[in-house]
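Below are the chains, spelled out letter by letter.
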Amino acid sequence: MKKTIRDFDLKNKRVLIRVDFNVPLDKSLKVTDDNRIRASLPTIQYALDKGAKVILMSHLGRPDGKPVSSMSLSPAAGRLSELLGERVLQCSDAVGTRVKEELGQLNGGVRVALLENLRFTADEEKNDATFAKQLAENGEIYINDAFGSSHRAHASIEAITKYLPSGAGFLLEKEIQYLGEAMQNPKKPFVAILGGSKVSDKIGVVDNLIDKVDKILIGGAMAYTFLKVQGVEIGGSKYEKDKTDLARAILDKAKAKGVEILLPVDHLVVQKVEESAATRIEGPGIPQGWFGVDIGPKTVELFKRTLDTAKTVVWNGPMGIFEMKPFATGSREVTAKLAELAGRATTVIGGGDTAACVIGFGLDGKMSHISTGGGASLEYLEGRVLPGIAALQEK
Ligand code: ADP
Ligand code: 3PG
Ligand code: MG
């Protein structure tokens, strides 16, 4: 068992909390989805209630080791300040004498500070020991609440634990609890729904899930690589050529293990991927010159029927290009079906776009758990040990 924030006496201590404030910003640098910020509030509030000074740190985007003003964390600091209802000091950097001076304000009335984007130096992603030590000098206790970043062995996640007493925050704890339960003692039937676009990122999860689940429903662009392997025409639909061997191996493995993989039997297709494009339903194949942008109505029915008796459902990856309203039906129907299962089944949603999808349909409250992790939730579901969790102190 790893230590958690509850295991420390926080009174008058400087608590350094790694959060994942890697949130989307619009052109005017406004935070467009503050879920990751909200998700960190219980830990921050707890530390404040216990009389601690809170120093937060995060990355935002991929600035590649140099300062990029559009990737400053100050919009996140602004949003956090609104949510907490108190001032949040935005530091000019993550380490150094100037930051030390700025953090001096924590001795006055200010209780919360946010360091500047950790990835403004390459040392963060290099898991550099000196940088980690400098970061550690900003606090007395280290708490990791950045589940979404815990698959990264970076200085603020991994190396820093060598220099401070360390433990998990409430968000990290909750993520591990829900994702862990889903994977370790799932109530059966256990159904996984996979979709989205990144076959190469996710094919490992499919492989691991075969050992755990009863059925796998595949939609989104991910389906086309599998359909292609089965010799089904997919027209111009997105698929990954160099993953066809792996897809074939997965289909074989599933067959050998008696795990049913259900692929779309029909599709919403267009000739041009535009919201205004004329649509048609085609299936099981897609003619030349047409692109699959959503699962079709028969597939929706098939997937809903399959989900009806499920006791555990893990969903990662939208069923279509849900950002365009005419292509969102499949994802909306699957979301509605999972909402209907509330109270009857455990439903776990992972992946940034899938979460955005469920939240966008206003049904997030009906899900058992929506992970704040994208890559992290996937790696966790794959059964990998996340370096950020492994590095924390044992009880
Ligand atoms: P998540 O962020 O939940 O892990 P992904 O990033 O893998 O999910 O996939 C989400 C993306 O997949 C969305 O941007 C969506 O438009 C895209 N997508 C879904 N279905 C299709 C499709 N049929 N063709 C192209 N892109 C698709
Ligand atoms: C995420 O958004 O998944 C995390 O913040 C990690 O970001 P990264 O993929 O750039 O490491
Ligand atoms: Mg995504």
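Everything quoted here is computed from the prediction, not taken from an experiment.

(A) Focus on the packing of helix 8 (residues 222–229) against helix 9 (residues 244–257). Running from N to C, helix 8 and helix 9 cross one another at 80 degrees; their axes reach a closest spacing of 9 Å. Classified by the angle between their axes, helix 8 and helix 9 sit roughly perpendicular to one another. Contacts between helix 8 and helix 9 involve Thr225, Phe226 and Val229 from the former and Thr244, Ala247, Arg248, Ile250 and Leu251 from the latter. Broken down by class, the residue content of the contact of helix 8 with helix 9 amounts to 5 nonpolar, 2 polar and 1 charged.

(B) Main features of the site of ligand 2. Around ligand 2, the surrounding shell consists of Asp20, Asn22, Arg36, His59, Arg62, Arg119, Gly148, Ser149 and Arg152. Here an oxygen atom of ligand 2 and a side-chain polar atom of histidine 59 are 3.1 Å apart. Compared with its free state, where it exposes 310 Å², ligand 2 has 86% of that area covered by protein. By residue class, the composition of the shell around ligand 2 is no nonpolar, 4 polar and 5 charged.

(C) Structural detail: the sheet that holds strand 11 (residues 279–282). Within the open sheet, the 3 strands sit side by side as 11-10-12. Their pairing is antiparallel. In the strand order of this sheet, the two ends are held by strand 11 and strand 12 (291–295), each with one partner. With strand direction ignored, the average angle separating the axes of adjacent strands in the sheet is 40 degrees. In this sheet, strand 12 lies alongside strand 10 (residues 267–270) in antiparallel orientation, the contact comprising 4 bridges. In the strand pairing of strand 12, leucine 268 is matched with aspartate 294.

(D) Region of the structure containing the packing of helix 2 (residues 41–49) against helix 3 (residues 74–84). Running from amino to carboxyl end, helix 2 crosses helix 3 at an angle of 65 degrees, the nearest separation of the two axes being 12 Å. Relative to helix 3, the crossing made by helix 2 is right-handed. Counted together, Leu41, Ile44 and Gln45 of helix 2 and Leu80, Leu83 and Leu84 of helix 3 form the full contact between these two elements. Residue composition of the contact of helix 2 with helix 3, by class: 5 nonpolar, 1 polar and no charged.

(E) Highlighting helix 12 (residues 352–360). All of the buried residues along helix 12 are Thr354, Ala355, Cys357 and Val358. For helix 12, the angular spread of buried residues about the axis comes to 155 degrees, placing them on one side. For helix 12, the exposed residues set more than 90 degrees away from the buried face come down to Gly352 and Gly360. On its buried face, helix 12 is in contact with strand 13 (312–316), helix 11 (329–340), strand 14 (346–350) and strand 15 (369–370). In the segment just after helix 12, glycine 362 is the residue with positive phi, at about 70 degrees.

Procedures and definitions
- Residues numbered from 1 in each chain as written.
- Chains lettered and ligands numbered in written order.
- Predicted model: local features only at pLDDT ≥ 70, side-chain atom pairs only at ≥ 80, totals over all residues.
- Heavy atoms only, no water.
- Axes fitted to C-alpha atoms, helices over the stretch in contact; angles between N-to-C directions.
- Helix = DSSP H or I, 4+ residues; strand = E, 2+ residues; numbered from the N terminus.
- Parallel < 35°, antiparallel > 145°, perpendicular 65-115°, else oblique.
- Contact = heavy atoms within 4.5 Å.
- Nonpolar A, V, L, I, M, F, W, Y, C, P; charged D, E, K, R; others polar.
- Near = heavy atom within 4 Å.
- Polar contact = N/O pair within 3.5 Å; in protein donor to acceptor, adjacent residues only side chain to side chain.
- Areas by Shrake-Rupley, 256 points an atom, 1.4 Å probe, with all protein chains shown as cover.
- Pairing = 2+ DSSP bridges.
- Left-handed = near helix turned anticlockwise from the far one by under 90°.
- Buried < 20%, exposed > 50% of the residue type's maximum accessible area, 1.4 Å probe, protein only.
- Arc of directions from axis to C-beta.

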